[in-house]
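Given next are the chains, with one letter for each unit.
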Amino acid sequence: MALMAGLRVPARALLRSGCWLRGAALAGAEAAAGLGAGVRRFGSQRVLVEPDPAAGVAVVKLKSPPVNSLSLELLTELVISLEKLDNDKTFRGIVLTSDLCGVFSAGLDLTELCGRSPAHYAEYWRALQELWLRLYLSGLVSVAAVNGASPAGGCLLCLSCDYRVLADSPSCVIGPNETRLGIVAPFWFKDCMVNTVGHRAAEQALQLGTLFPPAEALRVGLVDQVVPEDQVQSTALAAMARWLAIPDHARQLTKSMMRKPTADRLAKHREADVQSFVSFVSRDSIQKALQTYLEKLKQKG
Ligand SMILES: CCCCC/C=C\C/C=C\C/C=C/C(=O)SCCNC(=O)CCNC(=O)[C@H](O)C(C)(C)COP(=O)(O)OP(=O)(O)OC[C@H]1O[C@@H](n2cnc3c(N)ncnc32)[C@H](O)[C@@H]1OP(=O)(O)O
């Protein structure tokens, strides 16, 4: 651990801040890339939005160190940013990516699931449902530029997008590893998996808690392209251009036709889903399993 401004900051987080320095350097290159004078980044503490109004595209970057785990705060900020972009006619598409090095998102923040009250679990789960429904049904084209590891809830975020580009690096694993923690993916995550890779591949991956390396993720269809790490964002933007060549109304109606039945399964039973999560996560055995997993993660660090 390093001490910085009175805060305990993990050394790994400081290393990752190399990416933020790169981000600062990139700011200088924004003019060249079309993000010129008058076009401002916006967002919040944990979600950075880089708009390109001329292209109608915004790059949405998760920046919640050390690993972009989906805390209640990150979920809330992401929902607000997506809502803002969804309601702004300037934008037709978003690229969702990470501002951190080596991690897209570590999935659900396990500290939100351990030792908290039932009311907290319920609030947390409602926020996760809200994010999933908003992203999954968004009228915007959504491309995930997956520039790091993306287990469990991180994988769900990617699956909720329309298209996925993954970095070709051994650390960039993606998949539903929930069972390895002793927990169960919710039915709507399962449905997303089935819709993306088919029933058999989803069943195997969900039961075995598989984290796919890039080539395997491409082979099963969990991602659409695998490219060198430094080409993830440019490839995502090139894919975006192809999707934006389609008239919005036709693409949006088609997206809704494909996705609404899946989303409706949750939308119609949200509160029952919350209660089933709360009673599951409150079990002693589940609390113990999650604590043990979290401790192992911390010891590894
Ligand atoms: C029947 C009813 C069903 C109801 C549904 C029930 C349950 C819900 C089920 C499913 C939905 C989704 C679930 C999830 O998403 S669970 C989370 C799964 N995620 C993981 O397993 C990832 C764990 N993390 C890692 O593997 C690695 O951290 C990494 C992402 C590969 C990055 O590795 P790296 O070496 O770069 O970092 P560290 O491992 O050293 O971690 C740094 C730091 O972060 C802490 N941390 C990591 N992941 C999490 C996390 N998910 N939540 C909270 N904190 C996390 C880690 O402990 C380190 O902390 P430290 O204090 O040591 O700095």
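Procedures and definitions
- Starting afresh in each chain, residues are numbered from 1 along the sequence in its written order.
- Under the rules for a predicted model, residues below a pLDDT of 70 receive no local features and side-chain atom pairs below 80 are neither given nor counted, while totals for whole chains, interfaces and linings still include all residues.
- At least two bridges found by DSSP between two strands is the condition for calling them paired.
- Under the scheme used here, helices are H or I runs from DSSP no shorter than 4 residues and strands are E runs no shorter than 2 residues, and both carry numbers assigned from the N terminus.
- A pair of residues counts as a contact when their C-beta atoms, built from backbone coordinates, are separated by no more than 7 Å.
- Axis angles are defined between N-to-C directions and span 0 to 180 degrees, where every axis is a line fitted to C-alpha atoms and, for a helix, only to the segment in contact.
- Here, a nonpolar core means buried Ala, Val, Leu, Ile, Met, Phe, Trp, Tyr and Cys residues linked by C-beta atoms lying within 7 Å of one another.
- Working definition of burial: number of other C-beta atoms within 10 Å of the residue's own, with buried at 20 or more, exposed at 12 or fewer, and partly exposed in between, all C-beta atoms being placed from the backbone.
- A molecule or strand has a residue near it when that residue's C-beta atom, placed from backbone coordinates, lies within 6 Å of it.
- Classification convention: Asp, Glu, Lys, Arg as charged; Ala, Val, Leu, Ile, Met, Phe, Trp, Tyr, Cys, Pro as nonpolar; all other residues, Gly among them, as polar.
- Here a crossover is taken to be right-handed if, once the strands point away from the viewer, the path from the first strand over the helix to the second is traced clockwise.

A. Quick look at the sheet that holds strand 3 (residues 42-43). Pairing within the open sheet is mixed, and its 7 strands lie in the order 3-4-5-6-8-10-12. Looking at which strands have only one partner, the edges of the open sheet turn out to be strand 3 and strand 12 (225-227). Two strands pair when backbone bridges link them, and strand 6 (residues 93-98) and strand 8 (residues 141-146) are joined in this way by 4 bridges, in the parallel orientation. When the sheet's bridge partners are listed, Val95 is paired in strand 8 with Val143. Here helix 9 (residues 232-244) sits on the sheet in contact with strand 5 (57-62), strand 6, strand 8, strand 10 (163-167) and strand 12, set at roughly 165° to strand 8.

B. Focus on the nonpolar core. Counting 75 residues, the largest nonpolar core has Val95, Val143, Ala145, Val146, Val165, Leu166 and Ile174 as the members making the most contacts within it. Here the element with the most residues in this core is helix 3 (residues 118-136); it accounts for 8 residues. Residues contacting Val165, with those up to four places away along its chain left out, are Val143, Ala145, Val146, Val223, Asp224, Gln225, Val227, Val232, Thr235, Ala236 and Ala239.

C. Region of interest: the site of the ligand. Taken together, 33 residues surround the ligand, and among them Gly107, Leu108, Ala152, Gly153 and Gly301 come closest. For the shell around the ligand, the secondary structure elements donating two or more residues are strand 7 (102-103), strand 9 (148-151), helix 5 (178-181), helix 11 (270-281) and helix 12 (284-300). Per-element accounting of the shell around the ligand gives the leading share, 4 residues, to helix 11. The residue makeup of the shell around the ligand, split by class, is 20 nonpolar, 8 polar and 5 charged.

D. Just the pairing of strand 5, in detail. Judged by how many residues are buried, strand 5 sits mostly within the fold: 6 of 6 residues are covered. Along strand 5, one buried face is formed by Val57, Val59 and Lys61 and the opposite face, lined by Ala58, Val60 and Leu62, is buried too. Taken together, the 6 bridges between strand 4 (residues 47-52) and strand 5 define a ladder with antiparallel strand orientation. Residue pairing across strands places Leu48 opposite Lys61, the latter belonging to strand 5. Hairpin connection between strand 4 and strand 5: a loop of 4 residues separates the two successive antiparallel strands, and Gly56 in this loop has a positive phi of roughly 75°. Relative to strand 6, strand 5 runs parallel, the two being bridged by 6 bridges. Looking at the pairing, Val57 lines up with Gly93 of strand 6. Read from strand 5 through helix 2 (residues 72-86) to strand 6, the crossover connection turns out right-handed.

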